[in-house]
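What follows is the residue order along each chain.
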Amino acid sequence: MRRLLMVGGLSMVLAVPAVQGDALRDDLEALMGAIAVSGREEEAAKVVVSRLPDGLAERDRLGNVVVTLGSGEPRRLIACGLDEPGIVVSEIRDDGYLRLRPAGNGGWSALWAQGYEGQKVWISTAGGRVAGAVTTPSTHLYQDDGPPESVVSVAEAYVDVGAEDAGGVREQGIEMLDPIGRHQRLTTYGNGLVGGPAAQSKGACAALLSSARRLAAAPPTGTLVLAWTRLDLWNRKGIEHLVIERGPFDAVQLASRRFGWVQGEDGLESAPLPELGSGVLGAGDATLSGTRTDVPHLAPRGGAYTGGPDWSEATLGYFALPARYRAAQIETVALADVERLADAIVDWADGGGADVPPAAHPIDWGRTVDALPHAEPARTLADLVAAYGVSGHEGPVR
């Protein structure tokens, strides 16, 4: 009988250097922990609502999270996309394995796809998270020429959830198109660096969260709409719906993932981003205060499929955080830049008080190792795996 043992702690508390207030640090950690594959952003939306004062945020009909402060003129909007490049369940096989497909129109590098091979993953279901593991080819079955040189693609992957058949998969609540994310969602290293899937856009959303709390404590003049939108990497219908329902606006600022790209003769070409800690990036008709405008930026283009709002006469600006290892599983931002972005947003809105730590609304992602039938051996095996036992130095394991 095949049994899947998930080893290691299934929840982690990570220490981040104190270059930023605890609330903003926790905002980023919570958003990085959410699986928000494009079209399935529910976990991230729950995080945003839970980190704001009770009653401040609302969900519109498309699932965007929206905060509206003040009334009258001018009417301003600032928004970021909640979604991330990711994968979903594309097949539940008769033998109990899952097959996968990418979701959304984000940029995927070869290393992004290879980053799933042999990794623990979460399947985010309607009833909570279910643990799984992406399989790897058996080294014992390689022929004389050794392992293949080609990079593994998502479409070639299988996920083991410890089920014997399709019925066993569905008994765990797993269905087609359920989103999947790596188990380790957040890595901290260096002097206040944070790495993980879609760290650049999630860092912008964390800055917007901090700004929303500050601005709610001391609202600016006029109407200010702050939004965390869905489907940004799919067809931009989230922001389009928001503008139809809440517009028109006089001034708009949007978090963008299109800094550092230029249009070449043969398609898009990447350009380097500034070093981490060097400040917030800006582009468009008007930019946030203190932003760098020396970085190439490709504004989104509307179309029948890609969508895009009618901005009418609004001044339109874009912003982003500098990032390393873009479109990789360890995309990295600096907490210092997230803090600068939060300050720039408040300054643009012309208001805001001190950041009030959010009320404690812990997110329950569903299952933990203690709830599984093999909890006791899993904990024992986890302790063994965590102990270093290099040949000749096996003392910690003994």
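Since the structure is predicted, the reported quantities are computational estimates derived from the model, not experimental observations. (Residues numbered from 1 in each chain as written. Predicted model: local features only at pLDDT ≥ 70, side-chain atom pairs only at ≥ 80, totals over all residues. Heavy atoms only, no water.)

*Asks:* Help me out: how do you make sense of the overall build of the protein in this one?
*Replies:* Each helix and strand counted, the protein has eight helices and 18 strands in total. Within the protein, buried positions represent 49% of all 398 residues. Pairs at least 24 apart in sequence give 77% of the contacts found in the protein among residues at least 6 apart. With the model as given, the accessible surface of the protein reaches about 18,500 Å², and the carbon-plus-sulfur share is 52%. (Helix = DSSP H or I, 4+ residues; strand = E, 2+ residues; numbered from the N terminus. Buried < 20%, exposed > 50% of the residue type's maximum accessible area, 1.4 Å probe, protein only. Contact = heavy atoms within 4.5 Å. Areas by Shrake-Rupley, 256 points an atom, 1.4 Å probe, with all protein chains shown as cover.)

*Asks:* Would you mind going over the sheet that holds strand β6 (residues 120-125) with me for this structure?
*Replies:* Working definition: the strands of a sheet are paired by backbone hydrogen bonds and lie parallel or antiparallel to each other. Taken in spatial order, the six strands close into a barrel running β4-β5-β8-β7-β6-β9, and their pairing is antiparallel. Put simply, the sheet's adjacent strands are angled 45 degrees from each other on average, direction ignored. Here strand β7 (residues 128-134) runs beside strand β8 (residues 158-160); their pairing, made up of two bridges, is antiparallel. Within the sheet, the bridge partner assigned to Val134 lies in β8 and is Val159. (Pairing = 2+ DSSP bridges. Axes fitted to C-alpha atoms, helices over the stretch in contact; angles between N-to-C directions.)

*Asks:* I would appreciate a short explanation of the sheet that holds strand β17 (residues 315-320) in the present structure.
*Replies:* Spatial strand order, β1-β2-β12-β3-β13-β17-β16: seven strands in an open sheet with mixed pairing. Each edge of the open sheet carries a strand with a single partner, namely β1 (58-59) and β16 (281-284). Note: strand β13 (residues 251-255) against β17, five bridges, orientation parallel. Bridge pairing in β17 links Gln253 to Gly317. Relative to strand β12 (residues 223-229), helix α5 (residues 199-217) is tilted by about 145 degrees, and along the sheet it contacts β2 (65-70), β3 (75-81), β12, β13 and β17. Lying on the sheet, helix α6 (residues 237-246) is in contact with β1, β2, β3, β12 and β13; it crosses β3 at an angle near 160 degrees.

*Asks:* Please clarify how the packing of helix α1 (residues 22-33) against helix α2 (residues 42-51) should be interpreted in this entry.
*Replies:* Packed helices, taken two at a time, are described by their axes: the angle between them and the distance between them. The contact between α1 and α2 brings their axes to 8 Å, and the two run at 160 degrees. In terms of orientation, α1 lies roughly antiparallel with respect to α2. For the crossing formed where α1 meets α2, the hand is right-handed. In this structure, α1 uses Ala23, Asp26, Asp27, Ala30, Leu31 and Gly33 to contact α2, whose residues at the interface are Glu43, Ala44, Val47, Val48 and Arg51. Its residues placed into classes, the contact of α1 with α2 shows six nonpolar, one polar and four charged. (Parallel < 35°, antiparallel > 145°, perpendicular 65-115°, else oblique. Left-handed = near helix turned anticlockwise from the far one by under 90°. Nonpolar A, V, L, I, M, F, W, Y, C, P; charged D, E, K, R; others polar.)

*Asks:* Just to check I follow, could you spell out the packing of α1 against α5 for this structure?
*Replies:* The geometry of α1 relative to α5 is characterised by a closest axis approach of 9 Å and an angle of 135 degrees between their N-to-C directions. In terms of orientation, α1 and α5 fall into the oblique class. Along this stretch, α1 crosses α5, giving a crossing that reads as right-handed. Taken together, the residues of α5 that come into contact with α1 (itself represented by Ala23, Leu24, Asp27, Leu28, Leu31 and Met32) are Ala199, Lys202, Gly203, Cys205, Ala206, Ala207, Leu209, Ser210 and Arg213. For the contact of α1 with α5, the per-class residue count stands at ten nonpolar, two polar and three charged.

*Asks:* Would you mind showing me how to read the pattern of salt bridges here?
*Replies:* It is possible for side chains bearing opposite charge to pair when their charged atoms get close. Summed over all chains, the structure comprises 21 salt bridges. The shortest N-O distance in the salt bridge between Glu84 and Lys202 comes to 2.6 Å. Of this pair, Glu84 sits in the loop between β3 and β4 (86-92) while Lys202 is found in helix α5, placing the two residues 118 residues apart along the sequence. Lys202 carries the same exposure label as Glu84, and that label is buried. Two residues, Arg170 and Glu175, come together in a salt bridge whose shortest N-O distance is 3.6 Å. (Salt bridge = Lys/Arg side-chain N within 4 Å of Asp/Glu carboxyl O.)

*Asks:* Help me out: how do you make sense of the environment of Val169 in this one?
*Replies:* For Val169, the position within the fold is in helix α4 (residues 166-171). Along the chain, Val169 and Asp94 lie 75 residues apart, while their C-alpha atoms are 9.5 Å from each other. In contact with Val169, other than residues within four places in its own chain, are Ile92, Gly96, Leu98, Val161, Ala163 and Ile174.

*Asks:* Even after reading the chapter, I still don't get the state of the cysteines, so can you show me in this structure?
*Replies:* Here is the idea: a disulfide is a covalent bond, and it sits between the sulfur atoms of two cysteines. Enumeration over the complete set of coordinates arrives at one disulfide. Across a sulfur-sulfur distance of 2.2 Å, Cys80 and Cys205 are joined as a disulfide pair. Taking the sign of the S-S torsion, 125 degrees for the link of Cys80 and Cys205, the bridge is right-handed. A residue pair is termed long-range when its members are at least 10 positions apart, and Cys80 in strand β3 and Cys205 in helix α5 qualify at 125 residues. On the accessibility criterion, Cys80 (2% relative accessible area) is buried. (Disulfide = S-S within 2.5 Å.)

*Asks:* Just to check I follow, could you spell out the nonpolar core for this structure?
*Replies:* A general tendency of soluble globular proteins is for nonpolar side chains to be buried together. Formed by 69 residues in total, the largest nonpolar core has its most connected members in Leu77, Leu226, Trp228 and Leu341. Those residues in contact with Trp228 that sit more than four places away from it in its chain are Val48, Leu52, Asn64, Val65, Val67, Cys80, Leu82, Cys205, Leu208, Leu209 and Ala212. Leu98, Trp112, Val134 and Val154 belong to the second largest nonpolar core, which has 21 residues in total. (Core = buried A, V, L, I, M, F, W, Y, C linked by side-chain atoms within 4.5 Å.)

*Asks:* Sorry if this is basic, but what is going on with the packing of aromatic side chains here?
*Replies:* Here a ring pair, both rings aromatic, is described through the centre-centre distance and the interplanar angle of the planes. Counting across every chain of the model gives two aromatic pairs. With 5.3 Å between their ring centres and 80 degrees between their planes, Trp112 and Tyr116 make a pair best called edge-to-face. Like Trp112, the residue Tyr116 is buried in the burial classification. The aromatic ring of Trp348 is capped on one face by Arg76, whose charged end is 5.8 Å from the ring centroid. The ring of Tyr158 has Arg99 sitting right over it, with the charged end atom 3.9 Å from the ring centre. (Phe/Tyr/Trp six-rings, centres within 6.5 Å; stacked < 30°, edge-to-face > 60°. Lys NZ or Arg CZ within 6 Å of the ring centre and 35° of its normal.)

*Asks:* What's the story with the side chain of Gln172 in this structure? I'm lost.
*Replies:* Residue position: Gln172 is located in the loop between α4 and β9 (179-182). A polar side-chain atom of Gln172 sits 3.2 Å from the main-chain carbonyl oxygen of Val161. (Polar contact = N/O pair within 3.5 Å; in protein donor to acceptor, adjacent residues only side chain to side chain.)

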